[in-house]
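One letter stands for each residue in the lines below.
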Amino acid sequence: MTPVTAVAQPNIALIKYWGNRDDALRLPAADSLSMTLDHPSVEITVDHSPALAVRSFGSDGTERALNEKMTARFATHLELTKRYLATLGSNAIPESVSVTVRSAIPQSIGLASSAAVFGCLAKAYAGLIAPKVNLTLEQQSVIGRLGSGSAARSLFGGFAALDAGEGGDIGASQARAIADEAHWSLHDFVIIPSVEEKKVGSTEGHAVAWTSPLYEARLEAIRTRRQRECVDAILRRDFEKLRSVTEDDALDMHRVMETSAPPLRYLTETTHAIRLGIEELRRGEHLELLYTMDAGPTVHLLCTDASRERAAAFAKAQKGCTIFETSIGPGARLVS
Ligand code: PMV
């Protein structure tokens with residue numbers, strides 16, 4: 001067999017995935033939904049190897065040292081992938097593999113690199129075993145999910161939902177396409193106030209979600225209403241509806257985080273100043289702008305084509321922030 005290379009991009013969640021019903025299997029407690037971005041990209045080459053070997057490089061070719069925790073995460077992911085494939089009646093994945101990651105995602109800029117990495121790795125594994133077994137995109141999304149829940153959604157371009165599913169089976173939760181990247185031209189100005197490493201990563205964060213007194217109500221809102229409203233807004237290209245449900249959900253997730261034990265405070269004063277600035281700007285000019293924040297102080301300013309120039313000007317005017325501009329993009333794909 002020859003080596004296989006895949007490429008993938010991060011996604012930005014509109015309905016956030018926060019908390020699992022099974023942490024080890026990364027079975028989410030609720031549905032989530034996101035938009036896949038067109039860059040920055042991660043490229044991964046996988047090949048057969050006598051022992052698991054993972055190496056990571058930046059886009060300039062310099063090697064990025066992987067700590068023990070990260071290496072262990074790849075090892076666990078490979079074992080879980082074998083377990084999942086066994087449930088499909090396949091033992092096609094090699095005992096051990098070499099994984100070479102080349103990432104154009106600057107470290108810690110608040111763009112979920114684990115989503116792109118494990119989405120890309122899932123695609124590469126699917127390519128490696130393709131001569132023996134053909135996985136559907138939904139099955140590939142399970143492999144992504146086993147490394148990072150949000151990665152399941154990066155297998156798809158455009159808008160994708162991760163369905164929580166039911167029960168404890170390893171494959172019970174899968175992602176699916178809502179609409180492809182040609183459906184609606186949206187952009188994401190990533191406004192990064194700080195490039196500090198986050199103190200508590202999302203894997204640890206998910207585990208304490210249930211300790212928040214607000215968590216059950218969050219799950220209920222997503223189950224009964226929010227996910228459906230978000231899908232509708234996308235299918236109808238109704239920006240105002242998308243804005244309202246996306247911002248509600250992001251602020252709700254952060255209230256859950258801030259009231260969990262221990263409390264997780266990812267948003268800073270700068271984050272709040274930026275999001276209030278966005279509210280003020282669109283109030284005055286009726287612009288199609290919305291904000292959302294993941295597990296960090298970074299603000300994602302999403303907009304339509306019509307509001308793009310004003311969004312760019314706003315983003316660039318944010319003092320002391322690094323700006324990264326990206327648009328809706330394709331799902332993970334094989335390149336060789
Ligand atoms: O995929 P994880 O385990 O890194 O979790 C992602 C969590 C959020 O980015 C906060 C939300 C999301 O749905 O992407």
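Procedures and definitions
Residue indices follow the written sequence of each chain, beginning from 1 at its first position. Restriction of local features to residues with pLDDT of at least 70 applies here, the model being predicted, together with a cutoff of 80 or more for giving and counting side-chain atom pairs; totals for whole chains, interfaces and linings are based on all residues. Based on all heavy atoms of the structure, the side-chain values leave hydrogens and waters out of the count. Secondary structure elements are taken from DSSP: a helix is a run of H or I of four residues or more, a strand is a run of E of two residues or more, and numbering for both begins at the N terminus. Throughout, the radius of gyration refers to the C-alpha atoms, and the reference size of a globule is 2.2 Å times the residue count to the power 0.38. Note on exposure labels: buried denotes an accessible area under 20% of the residue type's maximum, exposed denotes more than 50%, and partly exposed covers the range between, all computed with a 1.4 Å probe on protein chains only. The protein chains shown are the only cover counted for residues, whose accessible areas, like all others here, come from Shrake-Rupley with a 1.4 Å probe. In this tally Asp and Glu are treated as negative and Lys and Arg as positive; neither His nor the chain ends contributes. Taken as the charge centre is NZ of Lys, CZ of Arg, CG of Asp or CD of Glu, depending on the residue. Note on aromatic contacts: the rings of Phe and Tyr and the six-membered ring of Trp form a pair at centre separations within 6.5 Å, being stacked when their planes are under 30 degrees apart, edge-to-face when over 60 apart, and tilted otherwise. Whether two residues touch is decided by their heavy atoms; if any such pair falls within 4.5 Å, the residues are in contact. Note on pairing: two strands pair once DSSP finds at least 2 bridges between them. Throughout, an axis means a line fitted to C-alpha atoms (over the contacting stretch in the case of helices), and angles, computed between N-to-C directions, take values from 0 to 180 degrees. Any angle that is under 35 degrees is reported as roughly parallel, and any over 145 degrees as roughly antiparallel; angles of 65 to 115 degrees are reported as roughly perpendicular and all others as oblique. Note: crossing handedness is left-handed where the near helix turns anticlockwise from the far helix by less than a right angle, and right-handed where it turns clockwise. In this count, Pro and Cys sit with the nonpolar residues alongside Ala, Val, Leu, Ile, Met, Phe, Trp and Tyr, while Asp, Glu, Lys and Arg are called charged and the others, Gly among them, polar. For each residue, the test is whether any non-hydrogen atom lies within 4 Å of the molecule or strand; if one does, the residue is near. We call two N or O atoms a polar contact when they sit within 3.5 Å, provided that within protein one can donate a hydrogen and the other can accept it, with sequence-adjacent residues counted only if both atoms are side-chain atoms. The criterion is simple. A nonpolar core is a set of buried Ala, Val, Leu, Ile, Met, Phe, Trp, Tyr and Cys residues joined through side-chain atoms within 4.5 Å.

1. Overview of the overall build of the protein
Broken down by element type, the protein carries eight helices and 15 strands. Against the 2.2 N^0.38 benchmark of 20 Å for 336 residues, the protein shows a C-alpha radius of gyration of 19 Å, consistent with a compact globule. For the protein, the spread of C-alpha atoms along the principal axes amounts to about 60 × 45 × 40 Å. Every one of the 336 residues in the protein was classed for burial, and the buried ones make up 56%. Here the protein has roughly 13900 Å² of accessible surface; of this, 51% comes from carbon and sulfur atoms. Between the averaged position of the 36 positive side-chain charges in the protein and that of its 41 negative side-chain charges there is a distance of 1 Å.

2. Here we look at the packing of aromatic side chains
The way to describe two aromatic rings as a pair is by their centre distance and the angle between their planes. Applying the stated rule across the entire model yields four aromatic pairs. On the basis of an interplanar angle of 40 degrees and a centroid distance of 6.4 Å, the ring pair of phenylalanine 159 and tryptophan 184 is categorised as tilted. Here phenylalanine 159 is found in strand β9 (residues 159–162), whereas its partner tryptophan 184 is found in the loop between β10 (175–179) and β11 (186–192), with 25 residues between them in sequence. Judged by relative accessible area, phenylalanine 159 falls into the buried class, the value being 0%. We classify tryptophan 184 as buried; its relative accessible area is 8%. Ring plane angle 80 degrees and centroid distance 4.9 Å describe the contact between tryptophan 210 and tyrosine 215, whose orientation is recorded as edge-to-face. Of the residues examined, tryptophan 210 reaches a relative accessible area of 39% and is grouped as partly exposed.

3. Some words on the environment of leucine 334
In this structure, leucine 334 sits in strand β15 (residues 333–334). Under the relative-accessibility criterion, leucine 334 is labelled partly exposed at 45%. Spatially, the C-alpha atom of leucine 334 lies 6.3 Å from that of valine 7, the residues being 327 residues apart in sequence. Not counting chain neighbours up to four residues away, the residues in contact with leucine 334 comprise Val4, Thr5, Ala6, Lys123, Ala124 and Gly127.

4. Some details on the pairing of strand β6 (residues 42–48)
Pairing between strand β1 (residues 4–8) and β6: five bridges, direction antiparallel. Looking at β6, one finds that alanine 6 is bridged to isoleucine 44.

5. Focus on the packing of helix α5 (residues 215–235) against helix α6 (residues 239–258)
As a packed pair, α5 and α6 sit with axes 9 Å apart at the nearest point and diverge in direction by 160 degrees. Relative to α6, α5 is oriented roughly antiparallel. In terms of crossing hand, the pair formed by α5 and α6 is left-handed. Packed against α5, whose contacting residues are Tyr215, Arg218, Ile222, Arg226, Glu229, Cys230, Asp232, Ala233 and Ile234, the element α6 presents Lys241, Leu242, Val245, Asp248, Asp249, Asp252, Met253 and Val256 at the interface. For the contact of α5 with α6, a count of residues per class yields nine nonpolar, no polar and eight charged.

6. With respect to the site of the ligand
Contacts to the ligand come from 15 residues, most closely from Tyr17, Ser148, Ser150, Ser202 and His206. The backbone of tyrosine 17 places a nitrogen or oxygen atom 2.9 Å from an oxygen atom of the ligand. Protein coverage of the free-state accessible area of the ligand, which is 380 Å², stands at 96%.

7. Let's talk about the sheet that holds β6
If you trace the five strands from one edge of the open sheet to the other, you get β7-β8-β6-β1-β15, paired in mixed fashion. Of all the strands in the sheet, just β7 (53–58) and β15 have a single pairing partner and so form its edges. Direction of pairing for β6 relative to strand β8 (residues 97–103): antiparallel, over a ladder of seven bridges. The partner of threonine 45 across the bridge, within β8, is threonine 100. Packed on one face of the sheet, helix α2 (residues 113–129) meets β1, β6, β8 and β15 and runs near 40 degrees to β6.

8. A few points about the nonpolar core
Of all hydrophobic cores here, the largest spans 44 residues; its most connected members are Val42, Ile44, Val46, Phe74, Val99, Leu121 and Tyr125. Looking at this core, the elements with two or more residues in it are β1, β6, α1 (68–87), β8, α2, α3 (137–147) and β9. Ranked by the residues each element gives to this core, the list is headed by α2, at eleven residues. With near-sequence residues (within four places) excluded, leucine 121 lies in contact with Ile44, Val46, Phe74, His77 and Val99. Core analysis: the next-biggest nonpolar cluster, separate from the first, contains 36 residues, Leu14, Cys230, Phe239 and Met253 among them.

9. Some words on the side chain of arginine 226
Along the polypeptide, arginine 226 turns up in helix α5. Beyond its immediate chain neighbours, meaning those up to four positions away, arginine 226 contacts Ile15, Arg218, Ala221, Val245, Asp248, Asp249 and Asp252.

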